[in-house]
Amino acid sequence: MALHGISVLELAGLAPGPYCGMVLADFGAQVVRVDRLGARRDLSCLSRGKRSLAVDLKRPQGAAVLRRLCARTDVVLEPFRHGVMEKLQLGPEVLRKENPKLIYARLSGFGQSGRFSRMAGHDINYLALSGVLSKIGRSGENPFPPLNLLADFGGGGLMCTLGILLALFERTRSGKGQVIDVSMVEGSAYLSSFLWKSQKTGLWEQPQGQNLLDGGAPFYTTYKTADGGFMAVGALEPQFYKLLIKGLGLKSDDLPHQMSMSDWPEMKKRFADIFAKKKKAEWCQIFDGTDACVTPVLTFEEVAHHHHNKERGSFLTDEEQGVSPRPAPLLSDTPAVPSSRRDPFVGEHTEEILREFGFSQVEINQLTLDKIIESNKPRANL
């Protein structure tokens with residue numbers, strides 16, 4: 001796999017950090033999740049392919065354990081607010097003195113500087129501060145967060161993954177690591193570069209929810225079907241729009257011009273009435289295989305069984321019969337090989353990992369007695 005031989009210490013957190021660590025693990029990195037002592041379970045649900053080490057970083061002996069591990073690690077993935085690691089004497093200045101090749105990835109909502117850097121926040125807050133949230137929502141309604149996907153996973157986890165890969169590549173030339181400052185606000189804003197660069201084109205001159213690509217157009221939105229399902233319509237180009245009109249049983253000569261924005265609200269009502277007369281499967285029979293850009297809105301229960309996704313093997317089933325997306329993108333020579341095993345228990349691999357990093361059994365036993373580390377081996381069901 002592409003990242004075979006790369007070692008990563010992921011300090012346990014929620015959402016963006018664990019996602020970044022999972023992507024690295026899927027593509028071959030050896031990822032150790034550093035859990036808090038006493039944590040009952042991993043709440044991230046994103047620990048595929050990782051191992052777990054439980055250690056109390058708030059005590060000097062626990063911080064010393066992590067420093068010792070970092071001396072032989074390629075990447076540290078840290079998800080805390082500015083200043084947290086410095087208080088523990090685990091900041092990049094300390095760790096990179098011992099290991100100049102270390103890549104220290106700092107993933108936070110507001111970044112490592114600025115007046116908000118020590119504030120708490122969540123995806124909706126980062127998206128709001130990036131400007132992106134102001135563009136999302138239906139006409140006449142409040143801005144609406146698209147789950148927690150954009151800031152947490154796009155602007156956060158995926159941007160952090162990109163930063164780590166860039167730093168690993170640069171290290172092949174300089175031999176040195178570096179510090180990566182990932183702000184979910186800035187990552188979300190960077191994802192929206194098209195919105196910023198296209199402002200003078202007229203794409204966004206109407207109020208929220210009334211533009212071409214935000215649900216305002218009757219040919220770029222979703223419609224409810226007779227059985228309560230939904231169809232997604234994206235017939236932007238004129239040649240695709242003609243096929244949409246044909247599939248709906250309408251004639252172009254009887255309709256306003258496609259780009260007559262004043263007629264869009266009435267056209268949406270007309271299209272909605274037509275879509276409501278047939279079931280989702282019936283609309284699929286009409287539009288599948290055409291260039292009308294009309295597709296079913298698949299539920300989580302349907303998506304793995306859709307013929308296109310099945311043909312590509314786009315979804316995986318693990319040993320506990322859980323379904324999840326296959327890693328993307330596909331690499332021809334070094335594809336990801338995600339683990340199909342269950343996620344690790346908190347502290348399941350503590351002793352195993354410490355032995356690999358050169359800790360003696362005497363040291364491990366003492367750390368356990370001092371309650372600096374914790375081991376939680378799975379119990380056999382007899």
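In the annotation of an unreviewed UniProt entry, the entry for the protein reads Alpha-methylacyl-CoA racemase, and the organism field reads Mustela putorius furo. Under the UniProt heading Sequence similarities (unreviewed entry), the entry covering the protein gives this text: "Belongs to the CoA-transferase III family."

Re the overall build of the protein
Helix and strand counts for the protein stand at 15 helices and 12 strands. Structurally, the protein occupies a C-alpha span of about 85 × 55 × 40 Å along its principal axes. Taken across its 382 residues, the protein has 44% of its residues classed as buried. Just so you have it, the protein exposes about 21,300 Å², and 55% of that area is on carbon and sulfur atoms. A distance of 3 Å separates the average location of the 47 positive side-chain charges in the protein from that of its 43 negative side-chain charges.

Details of the pattern of salt bridges
Scanning all chains against the criterion turns up 13 salt bridges. The shortest N-O distance in the salt bridge between R51 and E356 comes to 2.8 Å. Residue R51 is found in strand β3 (residues 51–55), and its partner E356 is found in helix α14 (residues 350–356); the two are separated by 305 residues along the sequence. Assessed through its relative accessible area of 18%, R51 is described here as buried. Of the residues examined, E356 reaches a relative accessible area of 44% and is grouped as partly exposed. Residue E363 pairs with R68 through a salt bridge whose shortest N-O separation is 3.0 Å. In this pair, E363 is assigned in helix α15 (residues 361–369) and R68 in helix α2 (residues 60–70), connecting sequence segments 295 residues apart. Via salt bridges that share partners, R33, D35 and D42 belong to a single interconnected network.

Details of the sheet that holds strand β9 (residues 294–296)
With respect to topology, three strands assemble into an open sheet ordered β7-β8-β9, the strand pairing being antiparallel. With one partner strand each, in any of the chains shown, β7 (220–224) and β9 form the two edges of the open sheet. With strand direction ignored, the average angle separating the axes of adjacent strands in the sheet is 25 degrees. In terms of strand pairing, strand β8 (residues 230–234) meets β9 through three bridges, oriented antiparallel. Paired with V233 across the strands is V294, a residue of β9.

Quick notes on the nonpolar core
Ranked by size, the top nonpolar core spans 28 residues in total, and within it L24, C160 and I164 carry the most contacts. Looking at this core element by element, the count peaks at six residues for helix α6 (residues 149–174). Those residues within four positions of L24 in sequence are excluded, and the remaining contacts are L3, V8, A29, V31, T161, I164 and L165. I353, F357, F359 and L367 belong to the second largest nonpolar core, which has 27 residues in total.

Thoughts on the packing of α6 against helix α7 (residues 184–191)
Orientation of α6 relative to α7, taken along the N-to-C sense of each, is 95 degrees, at an axis distance of 8 Å. Accordingly, the angle class assigned to the pair α6 and α7 is roughly perpendicular. Note on element contacts: α7 touches α6 through M184, G187, S188, Y190 and L191, opposite L150, A151, D152, G154, G155, G156 and M159. Taken together, the residues of the contact of α6 with α7 sort by class into six nonpolar, five polar and one charged.

Some points on helix α1 (residues 16–26)
An α-helix turns once per 3.6 residues; consequently, residues spaced three or four apart project the same way. Of all 11 residues in α1, 10 are buried, a share of seventy percent or more. Buried within α1 are the following residues: P16, G17, P18, C20, G21, M22, V23, L24, A25 and D26. Just past α1, the residue G28 takes up positive phi, approximately 110 degrees.

Some points on the domain arrangement of the protein
Looking at the protein, the domain boundaries give domain 1 (7–192 + 340–374) and domain 2 (220–292). On a C-alpha basis, the centroid separation for the pair domain 1 and domain 2 is 45 Å.

Thoughts on the side chain of R51
A distance of 2.5 Å separates a polar atom in the side chain of R51 from a polar atom in the side chain of E352. A polar atom in the side chain of R51 sits 2.8 Å from the side chain of E356. Among all residues touching R51, those that are not within four sequence positions of it are V31, V32, R33, P344, H349, E352, I353 and E356.

A word on the packing of aromatic side chains
Counted under the stated rule, the structure contains nine aromatic pairs. When the ring of F275 is compared with that of W283, the centres are 4.8 Å apart and the planes differ by 50 degrees; the resulting orientation is tilted. This pair shows no difference in class: F275 is buried, exactly as W283 is. Note on W283 and F287: the rings are 5.9 Å apart at their centroids and 20 degrees apart in plane angle, and the pair reads as stacked.

Focus on the layout of surface pockets
Any empty space left between the atoms is revealed when a probe the size of a water molecule rolls over them. Its volume calculated, the second largest pocket comes out at about 1,000 Å³. Along its surface, the second largest pocket is lined by 39 residues, and A12, G13, L14, R36 and F80 are the ones closest to its centre. Among the elements of the structure, β2 (30–35), β5 (103–108) and α5 (123–130) are those that each provide at least two residues to the lining of the second largest pocket. Each residue belonging to the lining of the second largest pocket can be placed in one class, and the counts come to 22 nonpolar, eight polar and nine charged.

Considering helix α11 (residues 280–287)
Those residues of α11 that fall on the buried side of the exposure criterion are K280, W283, C284 and F287. Take α11 and look down its axis: the buried residues cluster within an arc of 105 degrees, on one side only. Residues of α11 that are exposed and point more than 90 degrees away from the buried face comprise A281 and Q285. Looking at the packing, one finds that the buried side of α11 touches β8, α9 (238–247), α10 (264–275), β9 and α12 (300–303). Downstream of α11 by a residue or two, G289 has a phi angle that is positive, lying close to 85 degrees.

So, how was this worked out
Counting starts from 1 at the beginning of each chain's written sequence and moves along it residue by residue. Thresholds applied to this predicted model are a pLDDT of at least 70 for local features of residues and 80 or more for the giving and counting of side-chain atom pairs; totals over whole chains, interfaces and linings are not thresholded and use all residues. Neither water nor hydrogens contribute to the side-chain values; these are computed over all heavy atoms in the structure. UniProt positions are given in the numbering used here, feature names are shortened, and annotations may be inferred rather than shown by experiment. A run of H or I in DSSP counts as a helix once it spans at least four residues, and a run of E counts as a strand once it spans at least two, with each numbered from the N terminus. In this scheme, a residue with accessible area under 20% of its type's maximum is buried, one over 50% is exposed, and one in between is partly exposed, where area comes from a 1.4 Å probe on protein chains only. The method behind every accessible area is Shrake-Rupley, applied with a 1.4 Å probe, and residues are considered shielded solely by the protein chains displayed. Within this scheme the basic residues Lys and Arg register as positive and the acidic residues Asp and Glu register as negative, but His and the chain ends are omitted. For this purpose, a charge sits on NZ of Lys, CZ of Arg, CG of Asp or CD of Glu. The term salt bridge refers to a side-chain nitrogen of Lys or Arg lying within 4 Å of a carboxyl oxygen of Asp or Glu. Note on pairing: two strands pair once DSSP finds at least 2 bridges between them. Axis geometry follows a simple rule: fit a line to the C-alpha atoms, using only the stretch in contact for helices, then measure angles between N-to-C directions, giving values from 0 to 180 degrees. Here, nonpolar core refers to any group of buried Ala, Val, Leu, Ile, Met, Phe, Trp, Tyr and Cys residues whose side-chain atoms link them within 4.5 Å. Pairs of residues are marked as contacts when any of their non-hydrogen atoms sit within 4.5 Å. Any angle that falls under 35 degrees is termed roughly parallel, while one over 145 is termed roughly antiparallel, one within 65 to 115 roughly perpendicular, and all others oblique. Under the grouping applied here, Gly and all other residues not named as nonpolar or charged are polar, the nonpolar ones being Ala, Val, Leu, Ile, Met, Phe, Trp, Tyr, Cys and Pro and the charged ones Asp, Glu, Lys and Arg. What fixes the domain bounds is an automatic or database domain assignment. Definition of a polar contact: a pair of N or O atoms within 3.5 Å, with one able to donate and the other able to accept a hydrogen when the atoms are protein atoms, and with sequence-neighbouring residues admitted only if both atoms are side-chain atoms. The pairing test for Phe, Tyr and Trp rings, Trp by its six-membered ring, is centres within 6.5 Å, and the orientation test on the planes gives stacked under 30 degrees, edge-to-face over 60, and tilted for anything in between. Here a cavity means grid points, on a 1 Å grid over the protein atoms only, where a 1.4 Å probe fits yet cannot get out; a pocket means an open set of points with protein on both sides within 12 Å along at least five of seven lines; lining residues are those with an atom within 4 Å of a point. Grid points are joined across faces, edges and corners, and a volume is the space filled by probe spheres set on the points. The arc in question is traced by the directions running from the helix axis to the C-beta atoms.

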